[in-house]
Amino acid sequence: MSNPISGICTENLTMQFKQVQALEDVSVCFGGNQIYGLLGRNGAGKTTLLNIITNRMIPSSGRVLIDGEPAFENDRALEKVYYMGEKTFVPDTGRVEQFFNWTRSFYPNFQMEEANRLADAFGLNRKQKLKNLSTGYTTIVKLIAALASGTPYVLFDEPVLGLDANHRELFYRELISNYSTMPRTIVISTHLIEEIADIIEQVVIIKNGRILLDQSAEEVRRMGYSVSGKAAAVDLYCEGKNLLDTETLGGLKTASLLGSPDDVPEGLEVTPLDLQKLFIRLTNA
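In this report, the structure presented in the accompanying data block is examined. Values in this document were obtained by computation on a predicted structure and should not be read as measured data.

Concerning the pattern of salt bridges
Part 1 of the argument: Evaluated as defined, the whole model comprises 15 salt bridges.
Part 2 of the argument: Linking Arg117 and Glu114 is a salt bridge whose minimum nitrogen-to-oxygen distance equals 3.0 Å. Of this pair, Arg117 and Glu114 both sit in helix α4 (residues 112-122), separated by three residues, roughly a single helical turn.
Part 3 of the argument: Where Arg126 meets Asp120, a salt bridge forms, and the shortest distance between an N and an O atom there is 3.0 Å.
Part 4 of the argument: Taking relative accessible area as the criterion, Asp120 reaches 54% and is therefore assigned exposed.
Part 5 of the argument: Look at the salt bridges and you will find they share partners, linking Asp245, Glu247, Asp274 and Lys277 into a network.

This is how it looks when you write it as structure tokens:
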């Protein structure tokens, strides 16, 4: 495949773990200062892909290019990418402020002032030791480091693990603010599709180690639609159409369909397709 001047591009990545093929011939690009949703069921290969991109795993075949340079053992290329994953790779006996200092030593554009501001916003005590943090606040420390990293590429793997609803909302708000102030390429790998549906601009779905879909969010939403109204009218309208899912509440019903709305009778309301319902349909097929 041809490579853009800038971006993270994988070329024909394959990853074999004994009898399990985690990735198969994966060629995909993340670039253009967009927010990507990397979606897939458990075991689909999302984390393996992110680990290979950041040189934490070596693929069985294929390669990764960052801004046109091979990423393998290339510090100059890899320092452009911040990966917020499950592990922090620093001693948990250190304090939060030390973690930020360690991060700055690896990422020269790390924004300490922004990290401190975010810590205050999340109610994080920078003097506290990492090992004494709850699961939620451990996640918050990693989120803050990612948002303040100053890198042109930021990868989030299940970024809201352990966060309560208020902190999840705050993270998404800060993410959009951060992205608006410093446009860059952001990849969010998550199971909480409904929460990121209005944030992502590009959708990449991976299934059984292969790329199933790579399209703009706008194009994906045009793949289908929902209609709602009185149950009998919705049922009549759906006859012969490609039905994804239905929900009923009392005498009202909402149906999600593939295709374009046509001849919708008066009394039925048409709304954009629910991304999560489409994801379920595509990954179950």
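Remarks on the packing of α4 against helix α6 (residues 165-181)
Part 1 of the argument: Running from N to C, α4 and α6 point in directions that differ by 155°, and their axes come no closer than 11 Å. As the angle between them shows, α4 and α6 are arranged roughly antiparallel. Between α4 and α6 lies a crossing whose hand is right-handed. Counted together, Glu114, Arg117, Leu118, Ala121 and Phe122 of α4 and His167, Leu170, Phe171, Glu174 and Asn178 of α6 form the full contact between these two elements.

Quick notes on the packing of aromatic side chains
Part 1 of the argument: Considering all chains together, one arrives at six aromatic pairs under this definition.
Part 2 of the argument: Measuring from centroid to centroid gives 6.3 Å for Phe100 and Phe110, while their planes differ by 35°, and the two rings are tilted. Remark: Phe110 occurs in the loop between α3 (96-106) and α4 and Phe100 occurs in helix α3; sequence separation between them is ten residues.
Part 3 of the argument: Measuring from ring centre to ring centre gives 5.5 Å for Phe156 and Phe171, while their planes differ by 70°; the resulting arrangement is edge-to-face. With Phe156 in strand β7 (residues 153-157) and Phe171 in helix α6, the pair connects residues that are 15 residues apart, well separated along the chain.
Part 4 of the argument: The ring of Tyr237 is capped by Lys241, whose NZ or CZ atom sits 4.2 Å from the centre of that ring.

The rules behind the values
Residues numbered from 1 in each chain as written. Predicted model: local features only at pLDDT ≥ 70, side-chain atom pairs only at ≥ 80, totals over all residues. Heavy atoms only, no water. Salt bridge = Lys/Arg side-chain N within 4 Å of Asp/Glu carboxyl O. Helix = DSSP H or I, 4+ residues; strand = E, 2+ residues; numbered from the N terminus. Buried < 20%, exposed > 50% of the residue type's maximum accessible area, 1.4 Å probe, protein only. Axes fitted to C-alpha atoms, helices over the stretch in contact; angles between N-to-C directions. Parallel < 35°, antiparallel > 145°, perpendicular 65-115°, else oblique. Left-handed = near helix turned anticlockwise from the far one by under 90°. Contact = heavy atoms within 4.5 Å. Phe/Tyr/Trp six-rings, centres within 6.5 Å; stacked < 30°, edge-to-face > 60°. Lys NZ or Arg CZ within 6 Å of the ring centre and 35° of its normal.

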